[in-house]
Amino acid sequence: MSDANLTEVESIKAASRHLRGTLEDGLNDPLTGAVADSDTHVSKFHGIYQQDDRDLRSERKRQKLEPAYSFMIRARIPGGLLTTSQWLGLDRIATEHANQTIRLTTRQAIQYHGVVKRDLKKTVAEINQAALDTIAACGDVNRNVMAPPLPQLSSIHREVQRQAEALSEHLMPKSRAYHEIWLDGEKIESSKTDVEPIYGDTYLPRKFKAAFVVPPQNDVDVFSQDLGFITIVTNGKILGFNVTVGGGMGMTHGETDTYPRLGDVLGFISPDAVRVVAEAVVTTQRDFGDRTNRKHARLKYTIEDRGVEWFRAEVERRSGVIFGEPEKFAFVANGDTYGWQQDDVGAWHYGLFVESGRVGDFGDRRILSGLRALAQRHNTEFRLTPNQNLIIGKVADQDKASINSLLVEYGIENSAHASPLRLNSMACVAFPTCGLAMAESERYLPTLIDKLDADLKRHGLGDEPITIRMTGCPNGCARPYIAEIGLVGKGPGRYTLFLGAGFAGGRLGAPYLDNANEEEVLAALSPLFEHYALERHEAEHFGDFLVRTGDVREITAGRHIHDG
Ligand code: SRM
Ligand code: SF4
């Protein structure tokens, strides 16, 4: 492949001297709130995105001011596991340097929004003081490794969490650039002294995502991951993992060669083969992924183009591991579990619903203050979930009552505001911070749910769990293509409606209505709710019903999504 065909980001990575770029100079330039354009790509590998307030964009332009630049910072938290003292550190940073909120993400991590350039270095340093970091939270590398958020529920979950942490560590970039730039680490004179044994000098062609899952809950949406490990348990012990590859959500409206895709099961491996197989998957994608077109650069297209058989053979060759026949598994749901649950050693865990993952104080619903009070009084664990929620973990019997009263006092216990539809909802960030948003998401979905809830109640479906996810653009950050109702932003107030996905994340939804406004979405869904209320089988989920009755086309592979 000639260098001339490579994307601009490839040249930026190559010239960055292992992720240094000219970031330090940019941080020290007081004349602008931004960093150099090329450094906006480099900073992503350090978990940092330059953004500007899109609510203010046109007014600032009119006044001939530079955009209201600030930065989003994402921390890396394998499996979403935090101590309460780490949480208190994160809370302090949100209050002092960001916009007084912490955003729980769809990958069990957290984000800050609104950090201005002069506070960036301090903020990153304080995140590190909380024994966390932001390395590889973004960029063309392996991102936050997900793991089922109830590790205390069994020894299986605890072991899977250990695997996730080890994999996260193994696939971290080895460049010292992060420590030099953000933590005043010792400078390495020549980039040549840095070595990236897994990634090489230009890292991966595109982002890469990995997750572990423990059936029957598919809370991490394992089929949406580039690389997934489905835990196979027999007689209370982990036998090994079925490996999945080639999942991904992003697509572009109107470009039919882009599509969401669910991963394929490659085969079965033993627990000690996780690391070597993961590395072989990553290096195969490193060497064969398309570096000439970022819209075609994810692993899902490498596999789609070359075939699963080819990919399996290549991974086997590189790893020396021969895949066994996949073991049987079954998933029941891709959402979170809520309320109190007790684990195998008697401790309690409370699954707390956090609407769109936004932890802040909103009128009577004071989530930030409530979680602060809780963390100050109780030495528990906080566990971020893959669906933007939080589990208050490892609670002793005698502390349950006090935690219950705090949840009530701060107006945040689940029953205070959550219908089954809302409990199964997710919305991506979108406006005002996301530079790619085409429509509202986090700020709008709650209102739409109010209206849908009213209609569901009218049809006697108020207690029915239905998954609904919204994104402000087709990139799919809230995994909308595997929600029974998926709404994908197309323009201001306009969405493509996807229907018919599986309740457990095993089937993609089909586009049902394009460029629809609220009225059109409600009008399209109401007769489908009515049909569902009248003719569903017992315990049949909405998405399955729509496909069985032919109301919606069944999608058997992502590449067919545009066929209809
Ligand atoms: Fe995402 C880009 C937010 C999970 C697919 N995502 C972005 C950016 C950084 C916009 C940008 O590039 O300028 C968004 C920042 C918004 C903001 O203001 O904060 C953004 N993505 C998010 C989060 C915060 C959504 C949320 O509401 O929680 C999630 C952070 C996860 C984390 O902690 O790491 C988030 N993004 C996802 C997921 C879901 C997942 O990983 O399970 C996906 C779909 C799965 C996938 O990767 O295929 C996802 N984000 C994308 C894409 C499309 C990638 C593609 O292959 O086409 C982009 C755009 C891109 O990469 O060019 C994107
Ligand atoms: Fe932004 Fe689009 Fe992701 Fe939403 S789906 S956060 S609008 S990139």
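Remember, predicted model here, so these are calculated numbers, not experimental data.

A. A look at the pattern of salt bridges. A complete count under the given rule lists 39 salt bridges for this structure. Here Arg-103 ties to Glu-442 by a salt bridge, and the two come within 2.9 Å at their closest N and O atoms. One end of the pair, Arg-103, is in strand E4 (residues 102–104); the other, Glu-442, is in the loop between strand E17 (425–427) and helix H15 (445–458), with 339 residues separating them in the sequence. Its salt-bridge partner being Glu-255, residue Lys-295 comes within 3.1 Å of it at the nearest N-O pair. In this pair, Lys-295 sits in the loop between helix H9 (274–288) and helix H10 (299–306) while Glu-255 sits in the loop between strand E8 (237–245) and strand E9 (264–269), placing the two residues 40 residues apart along the sequence. Overall, Glu-255 belongs to the partly exposed group, its relative accessible area being 30%.

B. Molecular detail of the packing of helix H5 (residues 84–97) against helix H6 (residues 117–129). Following both chains from N to C, one finds H5 and H6 inclined at 170 degrees, their axes separated by 10 Å at the closest point. In terms of their interaxial angle, H5 and H6 are classed as roughly antiparallel. Between H5 and H6, the residues in contact are Ile-93, Glu-96 and His-97 and Asp-119, Lys-122, Thr-123, Glu-126 and Ile-127, respectively.

C. A look at the site of ligand 2. Around ligand 2, the structure places Cys-428, Val-429, Ala-430, Cys-434, Leu-436, Ala-437, Thr-471, Gly-472, Cys-473, Asn-475, Gly-476 and Cys-477. Grouping the constituent residues of the shell around ligand 2 by class yields eight nonpolar, four polar and no charged.

D. Representation of helix H11 (residues 308–319). Its 12 residues place the ends of H11 16 Å apart at the C-alpha level, agreeing with the 16 Å of an ideal helix rising 1.5 Å per residue. Residues of H11 that are buried: Val-308, Phe-311, Arg-312, Glu-314, Val-315, Glu-316 and Ser-319. For H11, the secondary structure elements touched by its buried residues are E8, E9, H9 and H10. Phi for Gly-320, located one or two positions after H11, is positive at around 75 degrees.

E. A look at the sheet that holds strand E20 (residues 494–499). An order of E17-E18-E19-E20-E21 is seen for the five strands of this open sheet, with the pairing classed as mixed. Taken across any chain shown, the strands that pair with only one partner, and hence form the sheet edges, are E17 and strand E21 (510–516). Neighbouring strand axes in the sheet, compared pairwise and without regard to direction, differ in orientation by 15 degrees on average. In terms of strand pairing, E20 meets E21 through four bridges, oriented antiparallel. When the bridges of E21 are listed, Leu-497 appears paired with Leu-513. Packed on one face of the sheet, H15 meets E17, strand E18 (468–471) and strand E19 (485–491) and runs near 145 degrees to E18.

F. View of the sheet that holds E4. Across the sheet, which stays open at both edges, the five strands sit in the order E1-E2-E5-E4-E12 with antiparallel pairing between neighbours. Only two strands of the sheet have a single partner each, and these edge strands are strand E1 (48–52) and strand E12 (358–359). In this sheet, strand E2 (residues 69–75) lies alongside E1 in antiparallel orientation, the contact comprising five bridges. Bridging across to E2, Gln-51 finds its partner in Ser-70.

G. Just the site of ligand 1, in detail. Residues in contact with ligand 1 amount to 29 residues; listed here are only the nearest, Thr-105, His-113, Thr-433, Cys-477 and Arg-479. Within the side chain of Lys-209, one N or O atom sits 2.7 Å away from an oxygen atom of ligand 1. Counted by class, the shell around ligand 1 contains 10 nonpolar, 11 polar and eight charged residues.

H. Inspection of helix H3 (residues 37–44) at higher detail. All of the buried residues in H3 are Asp-39, Thr-40, Val-42 and Ser-43. Viewed end-on, H3 has its buried residues packed into an arc of 165 degrees, placing them on one side of the element.

I. Layout of the environment of Val-35. Examined against the element boundaries, Val-35 turns out to sit in the loop between helix H2 (23–28) and H3. Taking C-alpha positions, Val-35 is 23 Å from Val-429, a pair spaced 394 residues apart along the chain. In contact with Val-35, not counting residues within four places along its chain, are Leu-23, Gly-26, Thr-40, Gln-50, Phe-71 and Lys-117.

The rules behind each value
- Residues numbered from 1 in each chain as written.
- Chains lettered and ligands numbered in written order.
- Predicted model: local features only at pLDDT ≥ 70, side-chain atom pairs only at ≥ 80, totals over all residues.
- Heavy atoms only, no water.
- Salt bridge = Lys/Arg side-chain N within 4 Å of Asp/Glu carboxyl O.
- Helix = DSSP H or I, 4+ residues; strand = E, 2+ residues; numbered from the N terminus.
- Buried < 20%, exposed > 50% of the residue type's maximum accessible area, 1.4 Å probe, protein only.
- Axes fitted to C-alpha atoms, helices over the stretch in contact; angles between N-to-C directions.
- Parallel < 35°, antiparallel > 145°, perpendicular 65-115°, else oblique.
- Contact = heavy atoms within 4.5 Å.
- Near = heavy atom within 4 Å.
- Nonpolar A, V, L, I, M, F, W, Y, C, P; charged D, E, K, R; others polar.
- Expected span 1.5 Å × (residues − 1).
- Pairing = 2+ DSSP bridges.
- Polar contact = N/O pair within 3.5 Å; in protein donor to acceptor, adjacent residues only side chain to side chain.
- Arc of directions from axis to C-beta.

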